[in-house]
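Geometric and topological summary
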Amino acid sequence: MQTILITGASSGLGKAAALKFANNGWKVIATMRDPERGAELAAHRYITVLPLDLTHTSQIAETVEKAIASEVDVVWNNAGVGLTGPLESYTDTQLQQQLDVNLLSVIRVTRAFIPYFRQRKQGLFLATTSIGGLITFPFNTVYCGSKWAVEGLYESLSFELAPFNIGVKTISPGAIASSFRDNMVIAQHESYQDAFEQMYQAFLSGKTPTSVSTAEELAEVVFEAATDGKKQLRYVAGKDAHVYVQQRLAQGAEQFRNNMAELFFGK
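Being a predicted model, the structure only gives us computed values, none of them experimental.

Reading guide: rules and limits
Residues numbered from 1 in each chain as written. Predicted model: local features only at pLDDT ≥ 70, side-chain atom pairs only at ≥ 80, totals over all residues. Heavy atoms only, no water. Phe/Tyr/Trp six-rings, centres within 6.5 Å; stacked < 30°, edge-to-face > 60°. Buried < 20%, exposed > 50% of the residue type's maximum accessible area, 1.4 Å probe, protein only. Lys NZ or Arg CZ within 6 Å of the ring centre and 35° of its normal. Helix = DSSP H or I, 4+ residues; strand = E, 2+ residues; numbered from the N terminus. Right-handed = clockwise from strand over helix to strand, strands pointing away. Pairing = 2+ DSSP bridges. Axes fitted to C-alpha atoms, helices over the stretch in contact; angles between N-to-C directions. Contact = heavy atoms within 4.5 Å.

1. Focus: the packing of aromatic side chains
Evaluated as defined, the whole model comprises 9 aromatic pairs. Plain terms: the ring middles of Tyr116 and Phe117 are 5.6 Å apart, the flat faces sit at 35° to each other, and that makes the pair tilted. The two residues Tyr116 and Phe117 agree in class, both being buried. In textbook terms, an aromatic cluster arises when at least three aromatic residues are bridged by ring pairs, as seen for Phe113, Tyr116, Phe117 and Phe125. The ring of Phe223 has Lys20 lying over it, and the distance from NZ or CZ to the ring centre is 5.1 Å.

In structure tokens, the structure reads:
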């Protein structure tokens, strides 16, 4: 029986995937900042819920030690927070939280498990990025920046860990019908209000790919990435995400960016 550790498992994709793995005979270590939110998961015989605040390095170390004792096979850095709005409106606290959770925690958790996987000569790292880690959207500067950083981090890491039979993969979901979108922090600045509203209306108008996937649908992609045995690095998840990626590849990066500007702002 294989074991997977999941960060950010209290809701959305993390929770859906935890149940998917457990229902397919995996042991799951489901971590979250508030374990009380994991009551449903904890009731499953194959799921263990552990507290993990990814902004606390000492707690990361404690959780890694417990997971290693359980002989974990897959580590999935899934936790993330959203921040949208013009860059100059962000506070230092918001910036720090965004980078702590979306980027630095991925680095710290991954780094902590590498010696264990290296000694075993096997293991797999997964990281949830976003379609915003492969393309960008207006008013998502730091969010997209953090996700692009993880894409680069894991692509580079794949080279150095390959000799030790350690896999490295990213999951890039599009829009998810989950609490993540509801919990996204919106930073306001009056100088950008008209442009922000214009962007928002472009999404509502149907001019952009608007399909929203359920967490359960995207969990299927995560399970595939963990079990297919392929050396594939990137797994795009969701119809809208696939459309965006195909458009960027077909149009080229510069033309795609120009087309996005036209779509959102008419210029």
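Now that the structure has been shown, the text picks up again.
2. Overview of the pairing of strand β2 (residues 27-32)
Within β2, 5 of the 6 residues are buried, leaving the element largely enclosed by the surrounding structure. Where the polypeptide runs from strand β1 (residues 3-6) across helix α1 (residues 12-23) and back to β2, its parallel neighbour, the crossover connection is right-handed. Bridge count between β2 and strand β3 (residues 47-51): 5 bridges; the pairing is parallel. Across the sheet, Thr31 pairs through a bridge with Leu50, a residue of β3.

3. Focus on the sheet that holds β1
Across the sheet, 7 strands lie side by side as β3-β2-β1-β4-β6-β7-β11; this open sheet has parallel pairing. For this open sheet the edge positions go to β3 and β11 (234-237), each flanked by a neighbour on one side alone. Ignoring strand direction, the axes of neighbouring strands in this sheet form an average angle of 20°. Here strand β6 (residues 123-128) pairs with strand β7 (residues 166-173) via 6 bridges, running parallel. Within β7, the residue paired with Leu124 across the bridge is Gly167. Strands β1, β2 and β3 of the sheet are contacted by helix α3 (residues 57-69), whose axis makes an angle of about 160° with β3. Packing of helix α5 (residues 141-161) onto the sheet brings it into contact with β4 (74-77), β6, β7 and β11, and relative to β7 it is tilted by some 160°.

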